Amino acid sequence: MSLAVVTLKKGEGRLLKSGGMWIFDNEIASIMGSFVNGDIVLIRDFDGYPLGRGYINTNSRITVRLLTREEHQEIDSDFFEKRVRDAWEYRKKVVDTSSCRVIFGEADFLPGLVVDKFSDVLVVQSLALGIDRWKEMIVDLLKKVLLEDGIQVRGVYERSDAKVRRQEGMELQKGFIGPEFPTLVEIIENGVKYQVDVKDGQKTGFFLDQKYNRLAIQKLCRNAKVLDCFTHTGSFALNAGIAGAESVLGVDASQLAVDQATANAKLNGMDDRVKFICEDVFELLPELEERGEKFDVVILDPPAFTKSRSSVKNAVKGYREINLRAMKLVKDGGFLATCSCSHFMTYELFTQTIGQAARNVHKRLRQVEYRTQAPDHPILWANEESYYLKFYIFQVCSER
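First things first, this report covers the structure right here in the doc.

Quick notes on the rules
- Residues numbered from 1 in each chain as written.
- Predicted model: local features only at pLDDT ≥ 70, side-chain atom pairs only at ≥ 80, totals over all residues.
- Heavy atoms only, no water.
- Axes fitted to C-alpha atoms, helices over the stretch in contact; angles between N-to-C directions.
- Helix = DSSP H or I, 4+ residues; strand = E, 2+ residues; numbered from the N terminus.
- Parallel < 35°, antiparallel > 145°, perpendicular 65-115°, else oblique.
- Left-handed = near helix turned anticlockwise from the far one by under 90°.
- Contact = heavy atoms within 4.5 Å.
- Nonpolar A, V, L, I, M, F, W, Y, C, P; charged D, E, K, R; others polar.
- Core = buried A, V, L, I, M, F, W, Y, C linked by side-chain atoms within 4.5 Å.
- Buried < 20%, exposed > 50% of the residue type's maximum accessible area, 1.4 Å probe, protein only.
- Pairing = 2+ DSSP bridges.

**Observations concerning the packing of helix α8 (residues 281-290) against helix α9 (residues 312-329)**
Item 1. Put simply, α8 and α9 touch, their axes get as near as 9 Å, and they point 25° apart. On the basis of their axis angle, the class for α8 and α9 is roughly parallel. Both α8 and α9 take part in a crossing whose hand is left-handed. Only Gly318, Glu321, Ile322, Arg325, Ala326, Lys328 and Leu329 of α9 make contact with α8, whose side of the interface consists of Phe282, Leu285, Pro286, Leu288 and Glu289.
Item 2. Counted by class, the contact of α8 with α9 contains 7 nonpolar, 1 polar and 4 charged residues.

Shown next, in the form of structure tokens:
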């Protein structure tokens, strides 16, 4: 069967040609041949030069997502098996694979697909129509590849319930792929046990991208008084606890998250030292300051304050406010761990915002380290969306 051909306008496709994987609707001169959305198409430059193959969806601003730069590459089970094997072999070299992100969309050359592995359970998130057609085949291939390393997958759960699917003209979807299984899954990360709720937890159930950032704060927390803001299910707080913190207070606005975090503390035998409360962080920080509270370590792991360029200005205010408040609560010579998980809050803007906050409260920052997401969430150069997590550790000093 001959494929439809997408031809770019002259001078367009700069992102694609520089190593990116997307073609936007306004870059296309013509689409020749019959197709239905989700089909594989050929991509050509304005002069007919072949640029590869990808899948098309005219409902989306990202009209074509590239799968291969080889014009004659067949897109079949052999193709996807190679992609899956490459992804798994990479993880085995760079991370602890007991729980990890096995497939990270464009950064693994499988645009629109995310697969997380929690012990022996897989959680799948399909965010693009083209990959949706192949997801069950890819899951079967992943099971086969993992089994070769002695990993028997107990169950697969789909969490394609992200609103971004609507931009692809797709319904939100959630449920088992294959037989049902208990959806509370116990994992161990950095020596800490967690119950991961793959059915109703945020996104795929647990934020694996902070794995080594959580480990990085352990060395600061021995015998320390620690405040963990936006704690979610308590992961930073529990890393502080396992490192020997004297006391840890975790804060989150979600009672469900606080209940899960409390259960995780009990699971690790830390519930005497690691406590959680349901409060709005923006309201709590000024109250703690008013009461004269001080902490050896303050951790800020907020949700993305911006998911679009248009709301960046308000996000900057939010990041500046919480960092400013947190610095006031850190003892002189104590430590602040702070991060942003928004792609639109760039490294430069985030750094500038923290600097402004420090100047406003007359604090001097000594940078301990700067980190990004764990390497199972690889950053693909020329695919800027794959670089989203910025994580700083600072020593906070009074002006001297």
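**Structural notes on the nonpolar core**
Item 1. Counting 59 residues, the largest nonpolar core has Phe118, Val198, Ile217, Cys221, Val226 and Val274 as the members making the most contacts within it.
Item 2. No other element matches helix α6 (residues 235-242), which puts 4 residues into this core.
Item 3. Excluding residues within four positions of it along the chain, Ile217 makes contact with Phe236, Asn239, Ala240, Ile299, Ala337, Phe391 and Ile393.
Item 4. With 34 residues, the next largest nonpolar core counts Phe79, Leu122, Val139 and Val156 among its residues.

**Some words on the sheet that holds strand β9 (residues 121-126)**
Item 1. Spatially, the 5 strands line up as an open sheet ordered β7-β8-β9-β10-β11, and their pairing is mixed. The two strands at the open ends of the sheet, each matched to only one other strand, are β7 (99-104) and β11 (173-176). Looking at each pair of strands side by side, their axes are set apart by 15° on average, direction ignored.
Item 2. Bridge analysis of strand β10 (residues 155-160) against β11 gives 4 bridges, and the strand direction is antiparallel. When the bridges of β11 are listed, Arg159 appears paired with Lys174.

Limitation: the analysis is restricted to geometry and does not speak to function.
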